[in-house]
Amino acid sequence: MTLPALQNTGVIYRRILSHFPQDISLAFVYGSGVFKQHGTSQGQMEKNMLDFVFAVDDPVTWHTMNLLQNRRHYSILKILGPTKISSIQNDYGASVYYNTLVPADGRIIKYGVISTDSLIDDLMHWKTMYVAGRLHKPVKMLVQSENGKLRAALVSNLKSAVMASFLMLPESFTEEELFLQIAGLSYAGDFRMKIGEDKSKVSNIVNDNIQHFRILYSNILRDCPQVVYKPPQGRLEVDKSPEGQFIQLMALPRTLQQRITKLVDLPGKNRDVEEILLQVAQDPDCGAMVHQGISSIVKSSSITQSIKGIATAGLRKTFSYSSKKLMKMWKGWKRKQSASQIS
């Protein structure tokens, strides 16, 4: 099974991609500049920043080439050279190096660079859930190499999102409720949701993109023995027995399992993960523990990556980017107020 790429990527994305070194194993573009979100017009979409992520096999070589081609994209850190930039990328935050507020072909873009190995690790184990979380939601794939481990990791990440969501949902739910749960995974515990993001962000992502979520998840849901999937009715029924929940818990990524076991295991006991998850599967608060475990992963990576982002963007761009985020949050709040007054 391969991860389905959305069609009609558009010439604008390929034109922008042509400005960068081409040794890329995976490239995708995402966000409100690509997919319509509730309350956003086509004109607004075309003004929104385009968000790219590039996975590269050799970050030092890639940054060396990119510094030659696009030196102005980098903050003052460019004086440190490609080896140090790659160390900052790999060793801090979520192992992503972002250049932001970059003009390209009439659009403003932000692009993150991550090593292919770090991406695979995040997809498989949810070490930070930073890029893995973005890939829970629809993206436009621009480049996808024949790397078998990477392809398998992309699918594994989607299956993990489904299993984690099953544990936090009731026995019966709608497709929309599932997709809202999945889309919200990477925002659980993210401090930016309190101070820099539109509070309706998750529902805005899902409401106008149900079909894109179906493209990503329909095959996984049809093949999953843990759920009865009824596409014509748009409903699902999941196994909520202790045995069913134990199977779902055992299918979660390693880092999330470790975070859950820390919530339950008493200091000094050192029981094995399987024994602890068997206990969690029988607990009425099982879903809440899964949510808490995810929140702890996201909180840590969102804080450390944001601190790193100040250095990689520079103070002027950080101030400009943050101001735009706060304005977006304010507009979202005003829309919500207007809607509540009308109703």
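Below is a short write-up of the structure. (Residues numbered from 1 in each chain as written. Predicted model: local features only at pLDDT ≥ 70, side-chain atom pairs only at ≥ 80, totals over all residues. Heavy atoms only, no water.)

1. A word on the pairing of strand β8 (residues 235–238)
- Where burial is concerned, the two faces of β8 differ: the one with Leu-236 and Val-238 is buried and the one with Arg-235 and Glu-237 is not.
- Pairing of strand β6 (residues 172–174) with β8 involves three bridges; the strand directions are antiparallel. Its bridge partner lying in β8, Ser-172 is registered against Glu-237.
- Across four bridges, strand β7 (residues 227–230) lies against β8 in antiparallel orientation. Residue pairing across strands places Tyr-229 opposite Leu-236, the latter belonging to β8.
- Connecting β7 to the antiparallel partner β8 that follows it, the hairpin turn spans four residues, and Gly-234 within it adopts a positive phi of roughly 65°. (Buried < 20%, exposed > 50% of the residue type's maximum accessible area, 1.4 Å probe, protein only. Helix = DSSP H or I, 4+ residues; strand = E, 2+ residues; numbered from the N terminus. Pairing = 2+ DSSP bridges.)

2. What about the sheet that holds β8?
- Strand order in the open sheet formed by three strands is β6-β8-β7, with antiparallel pairing between adjacent strands. Of all strands in the sheet, those bounded by a partner on one side alone are β6 and β7. Each strand axis lies, on average, 20° off the axis of its neighbour in the sheet, ignoring direction.
- The strands touched by helix α8 (residues 175–184) within the sheet are β6, β7 and β8, with β6 carrying the most contacts at an inclination of about 85°. (Axes fitted to C-alpha atoms, helices over the stretch in contact; angles between N-to-C directions. Contact = heavy atoms within 4.5 Å.)

3. Focus: unusual backbone geometry
- Although it is not a glycine, Trp-126 adopts a positive phi angle of roughly 55°.
- Among the structural elements, Trp-126 can be located in the loop between α5 (116–125) and α6 (130–134).
- Residues other than glycine seldom take positive phi values, yet Met-129 does so here, at roughly 60°.
- Relative to the helices and strands, Met-129 resides in the loop between α5 and α6.
- With relative accessibility at 1%, the residue Met-129 sits in the buried group.

4. Quick word on the pairing of strand β3 (residues 96–104)
- Here β3 lies mainly inside the structure; eight of its nine residues are buried.
- Of the strand pairs in this sheet, β3 and strand β4 (residues 107–115) are connected by seven bridges, and their pairing is antiparallel. Bridge pairing in β4 places Tyr-98 opposite Gly-112.
- Between the end of β3 and the start of β4, which pair antiparallel, lie two residues, with Asp-105 showing a positive phi angle near 50°.

5. A word on a nonpolar patch on the surface
- Where nonpolar side chains cluster on the molecular surface, the patch consists of Ile-76, Ile-79 and Leu-80 and spans about 330 Å² of accessible area.
- Assignment of secondary structure puts Leu-80 in the loop between α3 (59–70) and α4 (82–91).
- You can call Leu-80 partly exposed: its relative accessible area is 44%. (Patch = residues over 30% accessible without salt bridge, like charges linked within 9 Å, V, L, I, M, F, W, Y side chains within 5 Å. Areas by Shrake-Rupley, 256 points an atom, 1.4 Å probe, with all protein chains shown as cover. Salt bridge = Lys/Arg side-chain N within 4 Å of Asp/Glu carboxyl O.)

6. Topic: helix α15 (residues 286–313)
- With 28 residues, α15 extends 40 Å from end C-alpha to end C-alpha; this agrees with the ideal 40 Å at 1.5 Å per step.
- Two residues or fewer after α15 comes Gly-314, characterised by a positive phi angle close to 90°. (Expected span 1.5 Å × (residues − 1).)

7. Topic: the packing of helix α7 (residues 148–168) against helix α11 (residues 210–223)
- In contact at an axis separation of 10 Å, α7 and α11 are set at 70° when each is read in the N-to-C sense. As summarised for this structure, α7 and α11 are arranged roughly perpendicular, according to the angle between their axes. Facing α7, whose interface residues are Val-155, Leu-158, Lys-159, Ala-161, Val-162 and Phe-166, α11 presents Leu-216, Tyr-217, Ile-220 and Leu-221.
- Considered class by class, the residues forming the contact of α7 with α11 number nine nonpolar, no polar and one charged. (Parallel < 35°, antiparallel > 145°, perpendicular 65-115°, else oblique. Nonpolar A, V, L, I, M, F, W, Y, C, P; charged D, E, K, R; others polar.)

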